[in-house]
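# Descriptive structure summary
For reference, the chains in residue letters:
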Amino acid sequence: MPRNHRVIAGLSAACGLLLAASGVAHAEVEPGGWSSESPGFKVQERGCGEVDNLTFELTCSTASGDQRAERRYDTYTGGTHQFEGYFRVTSMGGTRISLKQTFNDTDGDAGPYFMLAVERGGRLYAVHGGDTLSNAGTVGATVRVNTVHQVGKEHRTYINGSLKHTVDSPGGSFYDKFGAYRTGSGNGPATVVWSNVKFWRK
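Residues numbered from 1 in each chain as written. Predicted model: local features only at pLDDT ≥ 70, side-chain atom pairs only at ≥ 80, totals over all residues. Heavy atoms only, no water.

The helix and strand inventory of the protein chain stands at 1 helix and 16 strands. When each of the 202 residues of the protein chain is scored for burial, the buried share is 45%. Sequence separation of at least 24 residues holds for 67% of the intrachain contacts in the protein chain that already meet a minimum separation of 6. Carbon and sulfur atoms make up 50% of the accessible area of the protein chain, which amounts to about 9400 Å² in all. (Helix = DSSP H or I, 4+ residues; strand = E, 2+ residues; numbered from the N terminus. Buried < 20%, exposed > 50% of the residue type's maximum accessible area, 1.4 Å probe, protein only. Contact = heavy atoms within 4.5 Å. Areas by Shrake-Rupley, 256 points an atom, 1.4 Å probe, with all protein chains shown as cover.)

With respect to the element layout, Asp74 can be found in the loop between strand 5 (68-73) and strand 6 (76-77). Classification of Asp74 as partly exposed rests on a relative accessible area of 42%. For the pair Asp74 and Tyr175, spaced 101 residues apart in sequence, the C-alpha separation works out to 6.0 Å. Residue contacts for Asp74: discarding those within four places in its chain leaves Pro39, Gly40, Phe41, Phe174 and Tyr175. Of note is the side chain of Asp74, whose polar atom sits 2.8 Å from the backbone nitrogen of Gly40. (Polar contact = N/O pair within 3.5 Å; in protein donor to acceptor, adjacent residues only side chain to side chain.)

On inspection of all chains with the given rule, the structure shows 12 aromatic pairs. Taking 5.7 Å as the distance between ring centres and 75° as the angle between the ring planes, the aromatic pair formed by Phe56 and Phe178 counts as edge-to-face. Pair noted here: Phe56 is in strand 4 (residues 55-58) and Phe178 is in strand 15 (residues 173-187), with a separation of 122 residues, a long-range link. With respect to burial, Phe56 and Phe178 carry one shared label: buried. Taken together, the aromatic side chains of Phe41, Phe56, Tyr73, Phe83, Phe87, Phe178, Trp194 and Phe199 make up a single cluster linked through ring pairs. Sitting over the face of the ring of Tyr175, Arg72 holds its NZ or CZ atom 3.5 Å from the ring centroid. (Phe/Tyr/Trp six-rings, centres within 6.5 Å; stacked < 30°, edge-to-face > 60°. Lys NZ or Arg CZ within 6 Å of the ring centre and 35° of its normal.)

Moving on: the state of the cysteines. In total, this model carries 1 disulfide according to the counting rule given. What pairs with Cys48 in a disulfide is Cys60, and their sulfur atoms sit 2.2 Å apart. The sign of the S-S torsion, about -65°, decides the handedness of the disulfide formed by Cys48 and Cys60: left-handed. With Cys48 in the loop between strand 2 (41-46) and strand 3 (49-52) and Cys60 in the loop between strand 4 and strand 5, this residue pair connects regions lying 12 residues apart in the sequence. Residue Cys48 is classed as buried on the basis of its relative accessible area, which comes to 13%. (Disulfide = S-S within 2.5 Å.)

This brings us to unusual backbone geometry. For the bond running from Gly188 to Pro189, omega is 0°, close enough to zero to count as cis. Positive phi, close to 55°, is recorded for Arg96, a residue that is not glycine. By relative accessible area, which is 24% here, Arg96 ends up partly exposed. Even without being glycine, Asn196 reaches a positive phi, approximately 50°. In this structure, Asn196 sits in strand 16 (residues 190-201). According to the relative accessible area criterion, Asn196 is partly exposed, its value standing at 38%.

Moving on, we get to the side chain of Thr147. Note that Thr147 resides in strand 12 (residues 142-150). In this structure Thr147 comes out as buried when scored by relative accessible area, which is 2%. At 3.5 Å, the side chain of Thr147 and the side chain of Lys100 are in polar contact. Not counting residues up to four positions away in its chain, the partners in contact with Thr147 are His81, Gln82, Phe83, Lys100, Thr102, Phe114, His155, Arg156, Thr157 and Asp176.

Written out as structure tokens, the structure reads:
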């Protein structure tokens, strides 16, 4: 192969690695038939929670009360919905901080239906049931999260593209939330930066 061709091939390979590392090369998991959507959201700041665009911070170590910094997206009913986002814990003085929720908005059943949280040290776990999903959530690491929710059937959670958690889903109305939220057994301080957030449905 001529030298200039080898140089071009090498540059192309390097660009491909950079794209993959940055997450640009990724798309939805379980591909096929998805339509992109852009639901609206509201910012929620309570207690010592502070939101600055996609940076979510709990500034206190309080282990009680409502301490949250989140985006709450529009409610959906029926169908199959997918969330994708990348988070990076940039500081963790506390522990057991919820990162992503699928919230049941149905009258009589309202509450956090699925919660992905992180402990100090990087363990990612499902708050309901306590299952460990990964140990990838260490400070400074970028982690890709996908949730696929078939309303009335199943909710699946992927970490860095691998299926890690599955739970049955009731029917009704739901919405997505992400940011930094003190779980019932957790406390701050903590800072979480989210990026490349996308939504699809089919």
